[in-house]
Amino acid sequence: DDKITVAAGKLKDNWIATSGFEGWSVLDKNSGAALTITPVKGLNLTGAAIIDYCINDEKKDDLNGYAFLGGAKYKTETFAASVSGAGYGLFTADFKYTGIKDVVISAEGKYETADGREKLGGQELLTDVWVQYSGIENLTLGVLSFQYFNTTTVKDDNDFIITVTPAAAYQVNKVVRLSLEGTYT
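Everything quoted here is computed from the prediction, not taken from an experiment. (Residues numbered from 1 in each chain as written. Predicted model: local features only at pLDDT ≥ 70, side-chain atom pairs only at ≥ 80, totals over all residues. Heavy atoms only, no water.)

Caption draft 1: Looking closely at the overall build of the protein chain. On a plain count of helices and strands, the protein chain comes out with 1 helix and 11 strands. Its C-alpha atoms give the protein chain principal-axis dimensions of about 60 × 50 × 30 Å. With 185 residues in all, the protein chain has 33% of them scored as buried. Here the contacts in the protein chain between residues at least 6 apart in sequence split such that 35% fall between residues at least 24 apart. By element, 57% of the accessible surface of the protein chain is carried by carbon and sulfur atoms, the whole surface being about 11,100 Å². Seen as two clouds, the 17 positive and the 24 negative side-chain charges of the protein chain have centres 6 Å apart. (Helix = DSSP H or I, 4+ residues; strand = E, 2+ residues; numbered from the N terminus. Buried < 20%, exposed > 50% of the residue type's maximum accessible area, 1.4 Å probe, protein only. Contact = heavy atoms within 4.5 Å. Areas by Shrake-Rupley, 256 points an atom, 1.4 Å probe, with all protein chains shown as cover. Lys, Arg positive; Asp, Glu negative; His and termini not counted. Charge placed at Lys NZ, Arg CZ, Asp CG, Glu CD.)

What follows is the structure in structure tokens.
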């Protein structure tokens, strides 16, 4: 009855990825094995061992603390929330609300530890907020904002960058859709 799921190989995260604009995952596109338990409808509890970050200096697999990860996600018709963490240095969390007709509100984030930044080449903390409204026929309006904290692309410590992207899309017919967006950094 889909209470226990076991997957192995190159993994696609169908269990604990964030539900926001980016859909971040500690598990997706990594190689290994995962076990997901679904004790009640909508709740996934996942644990996994991956090998992608477990090569030691002698170029051999070393299933150290980098290999293990886990997370939980709960999803209903009106909201979704998740939290997950990986030993290789990546943590994700999100909350998405769809309880208002034609409105999506989402906030998600990912945090990379010092080891994680070295392996993933990213930054300390990246968050995004997404709001979308589609209650006018053929028209979708939205805004997406990213907040970058202490990115590796900036040499100074404690830097902060924000982007705001308002967008509009109009579905002219089944084939043609016009859209306009711009980003302020």
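Caption draft 2: Highlighting the packing of aromatic side chains. With the rule as written, the count across this model stands at 7 aromatic pairs. Between Phe79 and Phe95, the aromatic rings sit 5.8 Å apart at their centres with planes inclined by 25 degrees, giving stacked as the arrangement. Pair noted here: Phe79 is in strand E5 (residues 79-86) and Phe95 is in strand E6 (residues 90-97), with a separation of 16 residues, a long-range link. Seen in terms of ring centroids, Phe91 and Tyr111 are 6.4 Å apart; in terms of plane orientation they differ by 40 degrees. Their pairing is tilted. In this pair, Phe91 is assigned in strand E6 and Tyr111 in strand E7 (residues 103-112), connecting sequence segments 20 residues apart. Here the aromatic residues Tyr74, Phe79 and Phe95 are joined through ring pairs into a cluster of three or more. (Phe/Tyr/Trp six-rings, centres within 6.5 Å; stacked < 30°, edge-to-face > 60°.)

Caption draft 3: Representation of a nonpolar patch on the surface within the structure. A contiguous nonpolar surface patch, about 520 Å² in accessible area, is contributed by Phe95, Tyr97, Ile100, Ile105, Val129, Val131 and Val143. Sorting the residues of the nonpolar patch by element identifies E6 and strand E8 (123-136) as the ones contributing at least two each. Tracing the backbone through its elements, the reader meets Val129 in strand E8. (Patch = residues over 30% accessible without salt bridge, like charges linked within 9 Å, V, L, I, M, F, W, Y side chains within 5 Å. Salt bridge = Lys/Arg side-chain N within 4 Å of Asp/Glu carboxyl O.)

Caption draft 4: Structural context of the nonpolar core. Core analysis: the biggest nonpolar cluster contains 13 residues, and Val26, Leu27, Leu69 and Tyr88 have the highest contact counts within it. If we ignore the near neighbours within four places in the chain, the residues touching Val26 are Ile16, Leu69, Ser84, Gly85, Ala86, Tyr88, Leu90 and Thr92. Of all hydrophobic cores here, the second largest spans 6 residues; its members include Trp24, Val104, Leu144 and Phe146. (Core = buried A, V, L, I, M, F, W, Y, C linked by side-chain atoms within 4.5 Å.)

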